[in-house]
Amino acid sequence: MNSTTSSLPSSGGDPDRLRLAVQKKGRLADDTFELLRQCGLKVSQSRTRLYARVEGLPIDLLLVRDDDIPALVAGGASDVGIVGGNVFEEVRLAAGGTFPAKTVQALGFSKCRLCIAVPKEMAYDGAASLNGFRVATSYAQLTQDWLSKAQVKNAKTVNMNGAHELAPRLGVAEAICDIVSTGATLEANGLKVAETIFESEALLIGAEALPEAKMTILEALLGRIRGVMRSQNAKYVMMNAPRAAIDAIGEVLPGAEAPTVLDLAGDSSKVAIHAVCNEEVLWEQLADLKALGATAILVLDIDKMLA
Ligand code: PRT
Ligand code: ZN
């Protein structure tokens, strides 16, 4: 997380278009633009400018640093924004818990953990092992909050905006608190996770209240986002099966609503079963279906889904 930039755009804009603040460039940006694409929204202008128009719904994008997104939404310069839960929670805590923006929808991408890490060779034996430590981080609020809840004594945070993993070797801190994804950065720097203090994913955040026209656009956007999220997990499963096994097969199919059962031409003992499964379909479950007599089992991706 980096420090807030100086000049934020002022509020205003077209009252009939929803303003959505997104990260201009970085880890969140790619997944955010992919989500917009899957929602059928085309970003019509260059991503290097501050504003971009969206085709498909009346939405304008505000292209900014991720750290600025919570304040832009809270201050009314943007109606909604997409930001990491880690950044949103840090800013909310810094504001003392009275922050005029809320989570509208967790988006399920950019998943990561905020972790306290210590040198590998250190014998870590619970929170008390951190007593008296300096913790290098750019998440001072989340870290302090955790340290005090865990009753760690005399620990303090040292603000760093990058290269936290070097802090113990540089002698500026005994531990760090940073985002961990694969764990490769910690590993490469001789550190290990001591505590996970926050689980994060990208969030769609929004102003506490929006005018009706903008609320209508937000609901249309949310309908598409939820459709994309549902279709990412969902599979369309087809098979032929003995008529007598219909109920047993329904119990094996993960997260399936009532399956469609179709007669097969020329064989009254068998049927075709089609179902939308809302959860991952595992190889073990396919083996169970086969054991129940199912044949020609097909598992297909779903492109779009609207409930
Ligand atoms: O320029 P701007 O301020 O907009 O971007 P930024 O540099 O502040 O943020 P950026 O683009 O790096 O990350 C944006 C958001 O992505 C974060 O706030 C998190 O919500 C999320 N995210 C997901 C991550 C990671 N994964 C991640 N791995 N953010 C950072 N990391 C870094 C981490 O800081 C550490 O240096 O990756 C390293 C650890 O990764 P592993 O895989 O080695 O464990
Ligand atoms: Zn940032």
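In case you missed it, the structure is sitting above this.
Residues numbered from 1 in each chain as written. Chains lettered and ligands numbered in written order. Predicted model: local features only at pLDDT ≥ 70, side-chain atom pairs only at ≥ 80, totals over all residues. Heavy atoms only, no water.

Okay, the overall build of the protein next. In terms of helices and strands, the protein carries nine helices and 16 strands. The C-alpha radius of gyration computed for the protein amounts to 25 Å, which surpasses the reference 19 Å derived for 307 residues by more than 25%, pointing to a less compact arrangement than a globule. Its C-alpha atoms give the protein principal-axis dimensions of roughly 80 × 55 × 30 Å. The proportion of buried residues among the 307 residues of the protein is 43%. Across the protein, the fraction of contacts at a sequence separation of at least 24, relative to all contacts at a separation of at least 6, is 71%. When the accessible surface of the protein is summed, it comes to about 15700 Å², and 51% of that surface belongs to carbon and sulfur atoms. Looking at the protein, you have 31 positive and 37 negative side-chain charges, and the mean spots of the two groups are 5 Å apart. (Helix = DSSP H or I, 4+ residues; strand = E, 2+ residues; numbered from the N terminus. Rg over C-alpha atoms; globule rule 2.2 N^0.38 Å. Buried < 20%, exposed > 50% of the residue type's maximum accessible area, 1.4 Å probe, protein only. Contact = heavy atoms within 4.5 Å. Areas by Shrake-Rupley, 256 points an atom, 1.4 Å probe, with all protein chains shown as cover. Lys, Arg positive; Asp, Glu negative; His and termini not counted. Charge placed at Lys NZ, Arg CZ, Asp CG, Glu CD.)

With that settled, consider the site of ligand 1. Neighbouring ligand 1 are 22 residues; Arg65, Asn86, Thr182, Gly183 and Thr185 lie closest to it. The contact in question runs from an oxygen atom of ligand 1 to an N or O atom on the side chain of Asp67, over 2.8 Å. Ser181 has a polar backbone atom sitting 2.8 Å from an oxygen atom of ligand 1. Surface burial for ligand 1 is 81%, taken as the share of its 840 Å² of free accessible area covered by protein chains. Those elements giving two or more residues to the shell around ligand 1 turn out to be α1 (27–38), α3 (85–94), β10 (175–180) and α6 (184–188). Partitioned by chemical class, the residues of the shell around ligand 1 number seven nonpolar, nine polar and six charged. (Near = heavy atom within 4 Å. Polar contact = N/O pair within 3.5 Å; in protein donor to acceptor, adjacent residues only side chain to side chain. Nonpolar A, V, L, I, M, F, W, Y, C, P; charged D, E, K, R; others polar.)

For the zinc ion (ligand 2), the full set of protein donor atoms is Asp66 (OD) and Asp67 (OD), and the range of their distances to it is 2.0 to 2.1 Å. With four donor atoms in place around the zinc ion (ligand 2) and angles of 73 to 171° between them, the coordination shape is irregular. (Donors = N, O, S within 2.8 Å, 3.2 Å for Na, K, Ca; no water. Tetrahedral: all angles 85-135°; square planar, octahedral: opposite > 155°, others 65-115°.)

This brings us to the sheet that holds strand β3 (residues 51–55). Pairing in this open sheet of seven strands is mixed, and the strands run β2-β3-β4-β1-β5-β12-β6 from one edge to the other. What marks the edges here is a single partner per strand, and that holds for β2 (42–43) and β6 (101–106). Bridge count for strand β1 (residues 18–23) against strand β5 (residues 80–84) is two bridges, and the pairing is parallel. Looking across to β5, one finds that Ala21 is bridged to Gly81. Where helix α7 (residues 212–233) meets the sheet, it contacts β1, β4 (59–64), β5, β6 and β12 (202–207), and its direction lies at approximately 35° from that of β6. (Pairing = 2+ DSSP bridges. Axes fitted to C-alpha atoms, helices over the stretch in contact; angles between N-to-C directions.)

Turning next to the packing of aromatic side chains. Taken as a whole, this structure holds one aromatic pair when the rule is applied. With a centroid separation of 6.2 Å and 70° between ring planes, the pair formed by Phe88 and Phe99 is classed as edge-to-face. Taken together, the residues span a long stretch of sequence, with Phe88 in helix α3 and Phe99 in the loop between α3 and β6 at a distance of eleven residues. This pair shows no difference in class: Phe88 is buried, exactly as Phe99 is. (Phe/Tyr/Trp six-rings, centres within 6.5 Å; stacked < 30°, edge-to-face > 60°.)

Read these as spatial facts, not as claims about activity.
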